[in-house]
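Residues per chain, in single letters:
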Amino acid sequence: MPTPEENLAELGLALPEVVAPVAAYVPAVRTGSYVYTSGQLPMRDGALIKTGKVGADVTGEEAYECARLCALNALAAVASQAGGDLSRVARVVKAVVFVASTPDFTGQPLVANGASELLAGVFGDAGAHARSAVGVSVLPLDAPVEVELVVELTA
C-alpha cells in the first residue's frame, strides 16, 4: 500500500513548505484528533499563481488547477500538525472551497473538484469527504480560489 507521499510523487507533486499567513492567524490548528486548516490560497513560491474572477479573468480549468494547489497547500498545513507524516491522516472529513466568480458563473462544483480529486488521489477512500463549493464576490489578495480542510488523524 503506497503512502500518501508516494501517491503525491506519482502525481508529480511534493508537499510544499507551509504557506506563511497573510494576516493574523495560523495555517492550521490541531485539537484532539482533528486538524482544521485556515483557508489556503493558490500560492507557489510566495506568490499567487493566478488572480481575478472565475468566469472573467480566470477560466474554469485554471480555477480547477488553483483549487488543486490550494488543497496541496492545505495538506502541507495538515502535515505540520501531524509530525510531517500524512500517513497519520485517517480521513479527510470536510473540504470547503470558495470560488471568487462572476454572478453568472455556476461551475463552482467543477472548480472544487480540483481539490477533491487531489485528495482522493492522495488518500484513496480516506480522501472521500463532505464538501461545500461556494461562490463569493472576492477573496484575499484577489485570489480566484480558497480551500480549507478538516482532517482526522490517527492516534
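As a starting point, this report considers the structure included with it. (Residues numbered from 1 in each chain as written. Predicted model: local features only at pLDDT ≥ 70, side-chain atom pairs only at ≥ 80, totals over all residues. Heavy atoms only, no water.)

### What to know about the pattern of salt bridges
Following the criterion strictly, the structure yields two salt bridges and no others. E62 is the partner of K50 in a salt bridge, and the nearest nitrogen-oxygen pair spans 3.5 Å. Here K50 is found in the loop between strand 4 (47-48) and helix 2 (60-81), whereas its partner E62 is found in helix 2, with twelve residues between them in sequence. For the salt bridge of K53 with D142, the shortest nitrogen-to-oxygen distance reads 3.2 Å. Highlighted residues: K53 in the loop between strand 4 and helix 2 and D142 in the loop between strand 6 (130-136) and strand 7 (145-153), separated in sequence by 89 residues. (Salt bridge = Lys/Arg side-chain N within 4 Å of Asp/Glu carboxyl O. Helix = DSSP H or I, 4+ residues; strand = E, 2+ residues; numbered from the N terminus.)

### Brief notes about the side chain of N7
Looking at the secondary structure, you find N7 in helix 1 (residues 4-10). Judged by relative accessible area, N7 falls into the buried class, the value being 16%. Residues in contact with N7, not counting those within four places in the same chain, are P2, G121 and V122. (Buried < 20%, exposed > 50% of the residue type's maximum accessible area, 1.4 Å probe, protein only. Contact = heavy atoms within 4.5 Å.)

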